[in-house]
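Each chain, letter by letter, is given below.
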Amino acid sequence: MQPVLKKRDISELPAATYAPVVQGCLEVFDQASRCLQMLDDESYQASMKPVVNSSIGEHFRHWLDVFHAVYQAGIVIDYNQRRRGHAVETSRSVALEEIARLQHWLVELSDKQLKKSVSILTEVSVSHTQACLMSSTLEREITFAALHANHHFAMVKVAASLMNKSIDDDFGIAPATATFLRGQS
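Each chain has its residues counted from 1, following the order in which its sequence is written. Side-chain atom pairs in this predicted model are given and counted only at pLDDT of 80 or more, local residue features only at pLDDT of at least 70, and totals for whole chains, interfaces and linings cover all residues. The basis for every side-chain value is the complete set of non-hydrogen atoms in the structure, without hydrogens or water.

K.L.:
Would you take a moment to explain the packing of aromatic side chains for this structure?
P.N.:
Geometrically, a pair of aromatic rings is defined through the distance of the ring centres and the angle of the planes. Note on aromatic pairs: the rings of Phe, Tyr and Trp (six-membered ring only in Trp) are paired at centre separations within 6.5 Å, and the planes decide the class, stacked below 30 degrees, edge-to-face beyond 60, tilted for the rest. Taken as a whole and judged by the stated rule, the model has 10 aromatic pairs. Ring centres 4.4 Å apart and planes at 15° place the aromatic pair Phe153 and Phe171 in the stacked group. Of this pair, Phe153 sits in helix α6 (residues 138-162) while Phe171 sits in the loop between α6 and α7 (175-184), and the two are 18 residues apart along the sequence. Phe171 carries the same exposure label as Phe153, and that label is buried. Following the ring pairs from residue to residue traces out a cluster consisting of Phe29, Tyr44, Phe60, Trp63, Phe67, Phe153 and Phe171. In this description a helix means any DSSP run of H or I spanning at least four residues, a strand means any run of E spanning at least two, and both kinds are numbered starting from the N terminus. Relative accessible area decides the class of each residue, using a 1.4 Å probe on protein chains only: under 20% of the type maximum gives buried, over 50% gives exposed, and in between gives partly exposed.

Pasting the structure below:
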C-alpha cells in the first residue's frame, strides 16, 4: 500500500465502491490493522509514562469504544459508555476481531442509513457531571469516530517510537493534514 503522503495521480487511485465516509473509515481500520501487525502483545500492553499515560491497547480500546457506541446505537448514540478493562486493551487479536466486525458493518450501510438522523449523548464538562443530547446524522458520527481514531493513532505512534517500534510514516496523520502535505511536494 502506498503511503497517503505520496502525491499520486488520480488515475492510480482505485474506484470508490463505498460512500466516501465509509471508504475513509475503511482506511482507518486498514491503518489500525497494519499497526497491530507491527506490534507484539507486550508492546501493545506497555505504558510509556510519563510521556504517554495510556498503553497502546488502552488507546485502541478507547477509539474502538467510539465506533462501538455508533455501531450498537439505535436512535441515540451514547458516547459515555466505555469498556474500560475490556480484553481489547490487552489482546491485539481481540482488537483485530473487533475491527473486522466493524468493517463488515460499515460496508453493509446504505446511503439512506448513513443519512439517518440520530441523537448523541455525551459528557461536556470536566468540573461537574453535565451531559448533553444533540442532533446529528449517522454519517457525521462515523466521520467523527474515524477522525477521533486518528488522534489516538498519533498518540500510539509516540508510544511506539518510545519503544523503538516502527510504525508507518502516515499513521496518525489527519486527512486534511495529508492533503496539505501532498500539496507541499
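Back to the text.
K.L.:
Would you mind going over the environment of Val126 with me for this structure?
P.N.:
You can see Val126 is positioned in the loop between β2 (117-123) and β3 (131-137). C-alpha of Val126 to C-alpha of Gly183: the two residues are 57 residues apart in sequence and 38 Å apart in space.

K.L.:
Explain the pattern of salt bridges here, please?
P.N.:
Salt bridges, as used here, are contacts in which a Lys or Arg side-chain nitrogen is within 4 Å of a carboxyl oxygen on Asp or Glu. Following the criterion strictly, the structure yields 10 salt bridges and no others. Salt-bridge contacts for Asp41 lead to Arg92; the nearest nitrogen and oxygen are separated by 3.1 Å. Linking Asp41 in helix α2 (residues 41-45) with Arg92 in helix α4 (residues 92-107), this pair joins segments that are 51 residues apart in sequence. On the basis of relative accessibility, which here comes to 34%, the residue Asp41 falls in the partly exposed class. Among the ionic pairs, Arg61 bridges to Asp65, the shortest N-O distance being 2.6 Å. Here Asp65 and Arg61 lie together in helix α3 (residues 56-72), a separation of four residues that amounts to about one turn. Pair check on accessibility: Arg61 and Asp65 agree, each one buried. Each of Arg61, Asp65, Arg83, Glu89, Glu98 and Arg101 takes part in a single network of salt bridges with overlapping partners.

K.L.:
Mind showing me how you'd approach the packing of helix α1 (residues 20-38) against α3 here?
P.N.:
Angles shown run from 0 to 180 degrees and are taken between the N-to-C directions of axes, each axis being a line fitted to C-alpha atoms and, for helices, limited to the stretch in contact. α3 packs onto α1 with a crossing angle of 155° between their chain directions and a minimal axis gap of 13 Å. Comparing their axes, α3 and α1 come out roughly antiparallel. Crossing of α1 against α3: the hand is left-handed. When α1 is examined against α3, the residues Cys25, Phe29, Ala32, Cys35 and Leu36 are found in contact with a partner set consisting of Phe60, Trp63 and Phe67. Each angle gets one of four labels, with under 35 degrees taken as roughly parallel, over 145 as roughly antiparallel, 65 to 115 as roughly perpendicular, and the rest as oblique. Note: crossing handedness is left-handed where the near helix turns anticlockwise from the far helix by less than a right angle, and right-handed where it turns clockwise. The contact criterion used is simple: two residues touch if any of their non-hydrogen atoms lie within 4.5 Å.

K.L.:
Teacher, can you tell me more about the sheet that holds β3 here?
P.N.:
As a general point, the strands of a sheet are linked pairwise by backbone hydrogen bonds and lie either parallel or antiparallel. By definition, two strands form a pair when at least two bridges between them are found by DSSP. The three strands lie next to each other as β1-β2-β3, forming an open sheet whose pairing is mixed. Strands with a single pairing partner mark the edges of an open sheet, and in this sheet they are β1 (76-78) and β3. When the angles between neighbouring strand axes are averaged without regard to direction, this sheet yields 25°. Of the strands in this sheet, β1, β2 and β3 are in contact with α6, which crosses β3 at around 110°.

K.L.:
Quick question: what am I supposed to make of a nonpolar patch on the surface here?
P.N.:
Two distance rules govern patches: like charges are joined within 9 Å, and nonpolar side chains (Val, Leu, Ile, Met, Phe, Trp, Tyr) within 5 Å, applied only to residues with over 30% relative accessible area and no salt bridge. Here the Shrake-Rupley method, with its probe set to 1.4 Å, supplies the accessible areas, and only the displayed protein chains count as covering residues. On the surface, a cluster of nonpolar side chains totalling about 230 Å² of accessible area is made up of Val51, Val158 and Leu162. Tracing the backbone shows Val51 in the loop between α2 and α3.

K.L.:
Hey, could you run me through unusual backbone geometry in this one?
P.N.:
Most peptide bonds take the trans configuration, and most residues that are not glycine carry a negative phi. Here the amide bond leading from Lys49 into Pro50 is cis, since omega sits at 5°, within 30 degrees of zero. Within the element layout of this structure, Pro50 appears in the loop between α2 and α3. Positive phi outside glycine occurs at Asn164, with the angle close to 60°. Among the secondary structure elements, Asn164 is positioned in the loop between α6 and α7. Classification of Asn164 as exposed rests on a relative accessible area of 71%.

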